[in-house]
Amino acid sequence: MAVATTDVLVVGAGPTGLVLAADLARRGVDALLVERAAGLFPGSRGKGLQPRTQEVLYDLGVLDAIRAAGTEYPTMRMWEGAEPGQEWDMMERSEPSDQVPFPDGWLIPQARTQEVLHARLRELGGEVRFGAGLTGLAQDASGVTAELDDGSTVRARYAVAADGGRSTVRGLLGIGMTGETVDAKPMLVADVRVTDDAPVPDTHWHVWPKAPEGTVAFCPLPSPDGGRVFQLVAQYTDESALPDTSPAGVAKLLASRTVLSEEHVAEVLWASDFRARAALADRFRSGRVFLAGDAAHIHSPAGGQGLNTSVQDAYNLSWKLAAVLAGAPESLLDTYEEERIPVAADILGVSTRIHRSETPVRRGGELRQLGIGYRESALTVETRTELSEDALRAGDRAPDGRPGGIRLFDAFRGPHWTLLGVGTAGLPTLDGESVRTVSVPAYEAYGTGVFLVRPDGYVGWAGDGAEGVAEYLARAGVVAGR
């Protein structure tokens, strides 16, 4: 069989791989996305999209479809046996603002997110090769050779492992993971369709914290067919318990721990068991191969951070791969690991703390991921001095807004860099394909100055004027002058 060639081989068609492949396609990069399974993952597992991830998906052109397929998070309702009790919002709710247009988490089953991303990938000319699992991987100075279990061989300039917590690629590379068991007690997660008369309203996320044998949470999910579907998460108090993921086992669990009877369970759509772990790969890069998503970091589901961190891994890496393939210095790829390992480590700590809390945690701003930035990155250059403590700096997320009637997220949207002059004049003339130049009046979120916004929406360079921006772009391998 002939050897297929591509610029980037992406292994694993979960949210990480799909975002990476779609963004590479948008940038004109030849990429091959392979997936061992016969189709997309069918369950709800990672069901929440945080505000920063929604901004990424807006840039990728899929947020309208994501929001149409999802809903706001419902109010929590605590039960004691058959008696409903206290109600509260798990997520702090905020009103949209010019700077933060998507302030709250968005509830959408992971399977639906993947369907939207897959449709976008196909729209951009890409596809997933299903039924093609990785069996072998070798690399040399010029590329990577991968063997797939469908009998084919792929030669790529780079490869990305987006193949989950049990990553085959990570194992073949011999990269270890440092971590811990967050909770030794097993858990069961399932998507359950209930009957119309099931006594759990779709308006609430139901919790039985004192249920016999372990806590149960039952969250309503938006369903494309309008059916009553809930995500069940059940914990076991017995560390030696073996969760029964069969439809009969799931129905029996609900009947024994909640107000539902077995007859209220119309269908179990998907079920799995797991133990909560937190682990971080020792490296995110080995030569021409990169780890992203769960292949690089494994989270407790508490706090809804795993999928979101994974999507942002992909967005950090995709533009850098595209730039290097177009001629930027290879050293640009070193900044992926430099920037993402500290972020993943911090978020692992947050998820673990929430999981181990003995009281319900009302989840606030740290989970929205809007404060994540790269001020210490080798890619970050801040030339201004005597800034106030709360001033926007190089390395920070570039806020949205409409100064002078120009929506900034629309100006940033696309595969380009953006040179943004705020309340200043004298911006240089740059290549309009790789760097878009935008001038707006002074704006509170930015103050005044010149801000060079990276393709992933972070400020790379900032100054009172534009002196030095051309040199920065040249070092980054961006064709700037004309």
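Residues numbered from 1 in each chain as written. Predicted model: local features only at pLDDT ≥ 70, side-chain atom pairs only at ≥ 80, totals over all residues. Heavy atoms only, no water.

Some details on the pattern of salt bridges
Logical step 1: Counting across every chain of the model gives 26 salt bridges.
Logical step 2: Here Arg228 and Asp202 are joined by a salt bridge, their closest N and O atoms 2.8 Å apart. Of this pair, Arg228 sits in the loop between strand E15 (216-221) and strand E16 (229-235) while Asp202 sits in the loop between strand E13 (187-194) and strand E14 (204-208), and the two are 26 residues apart along the sequence.
Logical step 3: The partly exposed category is assigned to Asp202, whose relative accessible area is 41%.
Logical step 4: In this structure, Arg285 and Asp334 form a salt bridge, with 2.6 Å as the shortest nitrogen-oxygen distance. Taken together, the residues Arg285 in strand E19 (residues 285-286) and Asp334 in helix H8 (residues 334-356) connect sequence positions 49 residues apart.
Logical step 5: By relative accessible area, which is 15% here, Arg285 ends up buried.
Logical step 6: Salt bridges here are not isolated pairs; linked through shared partners, they connect Asp23, Arg26, Arg27 and Asp59. (Salt bridge = Lys/Arg side-chain N within 4 Å of Asp/Glu carboxyl O. Helix = DSSP H or I, 4+ residues; strand = E, 2+ residues; numbered from the N terminus. Buried < 20%, exposed > 50% of the residue type's maximum accessible area, 1.4 Å probe, protein only.)

Focus on the packing of aromatic side chains
Logical step 1: Taken as a whole and judged by the stated rule, the model has 15 aromatic pairs.
Logical step 2: Between the aromatic rings of Tyr73 and Trp205, the centroid separation amounts to 5.9 Å while the plane-to-plane angle is 25°, which identifies the pairing as stacked. One end of the pair, Tyr73, is in the loop between strand E4 (71-72) and strand E5 (75-80); the other, Trp205, is in strand E14, with 132 residues separating them in the sequence.
Logical step 3: For Tyr73, a relative accessible area of 11% translates into the label buried.
Logical step 4: When the ring of Tyr374 is compared with that of Tyr458, the centres are 4.8 Å apart and the planes differ by 55°; the resulting orientation is tilted. On the criterion of sequence distance, the pair formed by Tyr374 in the loop between H8 and strand E22 (381-382) and Tyr458 in the loop between strand E25 (449-453) and strand E26 (459-463) is long-range, its members being 84 residues apart. In terms of burial, Tyr374 and Tyr458 fall into one category: buried. (Phe/Tyr/Trp six-rings, centres within 6.5 Å; stacked < 30°, edge-to-face > 60°.)

Considering the environment of Asn316
Logical step 1: Take Asn316: it is sitting in helix H7 (residues 306-325).
Logical step 2: Along the chain, Asn316 and Tyr336 lie 20 residues apart, while their C-alpha atoms are 6.6 Å from each other.
Logical step 3: Among residues more than four places away in sequence, those in contact with Asn316 are Tyr336, Glu339, Arg340, Tyr374, Arg454 and Asp456.
Logical step 4: Side chain to side chain, Asn316 and Lys320 meet in a polar contact 2.8 Å long. (Contact = heavy atoms within 4.5 Å. Polar contact = N/O pair within 3.5 Å; in protein donor to acceptor, adjacent residues only side chain to side chain.)

Observations regarding the sheet that holds E26
Logical step 1: What the five strands build is an open sheet, ordered E22-E26-E25-E23-E24; its pairing is mixed. Pairing within the sheet leaves two strands with one partner each, and these edge strands are E22 and strand E24 (435-440).
Logical step 2: As judged from the five bridges shared by strand E23 (residues 417-422) and E25, these two strands associate in the antiparallel manner. Pairing of Val422 across the sheet is with Gly449, part of E25. (Pairing = 2+ DSSP bridges.)

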